[in-house]
Amino acid sequence: MDTPYINKTILAADDSPANRLLLKKIFSSECSVLLAASGSEALDIMRARPGEIDALLLDLIMPGMSGFDVLQVMVNDPQLSRIPVVVITAASAEDDIIKAMDLGAADVILKPFSPHVALHRVRNILTRADNSRLAEENRLYTELLRRSELDDKTKLYNKNGFYRHAQELLDKYPKTHFSLVRLDIDKFKVYNEVFGYAAGDELLRSIAQSLPTGEKIVSGRLEADHFAFILPSSRLDAKSID
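How each quantity is defined
- Residues numbered from 1 in each chain as written.
- Predicted model: local features only at pLDDT ≥ 70, side-chain atom pairs only at ≥ 80, totals over all residues.
- Heavy atoms only, no water.
- Core = buried A, V, L, I, M, F, W, Y, C linked by side-chain atoms within 4.5 Å.
- Buried < 20%, exposed > 50% of the residue type's maximum accessible area, 1.4 Å probe, protein only.
- Helix = DSSP H or I, 4+ residues; strand = E, 2+ residues; numbered from the N terminus.
- Contact = heavy atoms within 4.5 Å.
- 1 Å grid on protein atoms, 1.4 Å probe; cavity = no way out; pocket = protein on both sides within 12 Å on 5 of 7 lines; lining within 4 Å.
- Points joined across faces, edges and corners; volume = space filled by probe spheres on them.
- Salt bridge = Lys/Arg side-chain N within 4 Å of Asp/Glu carboxyl O.
- Phe/Tyr/Trp six-rings, centres within 6.5 Å; stacked < 30°, edge-to-face > 60°.
- Pairing = 2+ DSSP bridges.
- Axes fitted to C-alpha atoms, helices over the stretch in contact; angles between N-to-C directions.

Trainee: Could you give an account of the nonpolar core, with specific residues and numbers?
Mentor: Of all hydrophobic cores here, the largest spans 26 residues; its most connected members are Leu11, Met46, Leu56, Leu58, Leu71, Met74 and Val87. When contributions to this core are tallied by element, the ones reaching two or more residues are strand E1 (9–13), strand E2 (32–36), helix H2 (39–48), strand E3 (55–59), helix H3 (67–75), strand E4 (85–90) and helix H4 (94–102). Ignoring anything within four residues of it in the chain, the contact list for leucine 11 reads Leu34, Leu35, Ala36, Ala42, Ile45, Met46, Ile53, Ala55, Leu56 and Leu57. Among the nonpolar cores identified, the runner-up in size contains 19 residues, and Tyr5, Ile88, Ile125 and Leu126 belong to it.

In structure tokens form, the structure reads like this:
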């Protein structure tokens, strides 16, 4: 039966062959499972498969490179630190649990572990990781959209940004009567030729700062020396526009 995690891949690192087989049996019906017999092998697998490992199940006490050593390497690696880690340890090892959490472990599975508990803990980790990734993608999209809609010189909305936000304003307040004001700079080309483009840019910024601001107002620089703003008709003051 299909599951939400069928395309996920987890890596289980444990020096005990029996534990590795048990972990594979628990999770193989939900997602792909890779196995590592040591901490160093776990690191090798994660580095060889960048972006492919969705979670790491990590035994803390292993010969050679321990789980703590793996966590220490991961926390200092920008790529590996993104992989959520569920550590596996004995129920009595409270100090080990605290140390692992300090090193970035997301959760703990206690030995001897219940298959159902282990399964639910890893499900929760995968869900949280997905939610975090989606939140970051939405944040980046929102930031890119914001930047793409701003005019570099005046920091007002550009044409696309002005049209989109003006439409949002009209949709949000359908019972409010709005007025659209469009203005430009008379003989702006001559101004640039006489005083220089730097002075022309400063004039654009000065005009942008003089436009009305506040609730239910959207302003933008549409192109060159053309500006526009939309505001409630009740707040329109013809004298102030002159």
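On we go from here.
Trainee: Tell me about the layout of surface pockets, residues and numbers included.
Mentor: Estimated volume of the largest pocket: approximately 620 Å³. If you go around the largest pocket, you meet 23 residues; those closest to its centre are Ile53, Arg82, Ile83, Pro84 and Arg133. The element best represented in the lining of the largest pocket is helix H5 (residues 115–148), accounting for seven residues.

Trainee: Break down the pattern of salt bridges for me, with residues and values.
Mentor: Side chains that carry opposite charge are capable of pairing whenever their charged atoms lie near each other. Under the definition given, this model contains 15 salt bridges. Arginine 49 is the salt-bridge partner of glutamate 52, the closest N and O atoms lying 3.2 Å from each other. Relative accessible area serves as the criterion here: at 34%, arginine 49 is assigned to the partly exposed category. Linking arginine 164 and glutamate 149 is a salt bridge whose minimum nitrogen-to-oxygen distance equals 2.5 Å. With arginine 164 in helix H6 (residues 159–172) and glutamate 149 in the loop between H5 and H6, the pair connects residues that are 15 residues apart, well separated along the chain. The exposure class assigned to glutamate 149 is buried, which follows from its relative accessible area of 5%. When salt bridges that share partners are traced, they join Lys8, Asp130, Arg133 and Glu137 into one network.

Trainee: Give a description of the packing of aromatic side chains that names residues and reports values.
Mentor: A full pass over the atoms with the stated rule returns two aromatic pairs. Between phenylalanine 162 and tyrosine 163, the aromatic rings sit 6.1 Å apart at their centres with planes inclined by 55°, giving tilted as the arrangement. Classification of phenylalanine 162 by relative accessible area gives buried; the value is 3%. Centre to centre, the rings of tyrosine 191 and phenylalanine 195 are 4.8 Å apart; their planes meet at 40°, and the pair counts as tilted. Residue tyrosine 191 and its partner phenylalanine 195 are located together in helix H7 (residues 188–195), separated by four residues, close to a single helical turn.

Trainee: I'd love a proper account of the sheet that holds E4, names of residues and values included.
Mentor: One open sheet accounts for five strands, arranged E2-E1-E3-E4-E5; its pairing is parallel. Whereas interior strands pair on both sides, the edge strands pair on one side only; in this sheet they are E2 and strand E5 (107–111). The average angle at which neighbouring strand axes cross in this sheet is 20°, direction not considered. Strand direction decides the pairing type here: E3 and E4, joined by four bridges, are parallel. Bridging across to E4, leucine 57 finds its partner in valine 86. Contacts from helix H1 (residues 17–27) reach E1, E2, E3, E4 and E5, with the element oriented near 170° to E2. Taken strand by strand, H5 contacts E1, E3, E4 and E5, and its axis lies near 170° from that of E5.

Interpretation note: all reported values are geometric properties and have no functional meaning in isolation.
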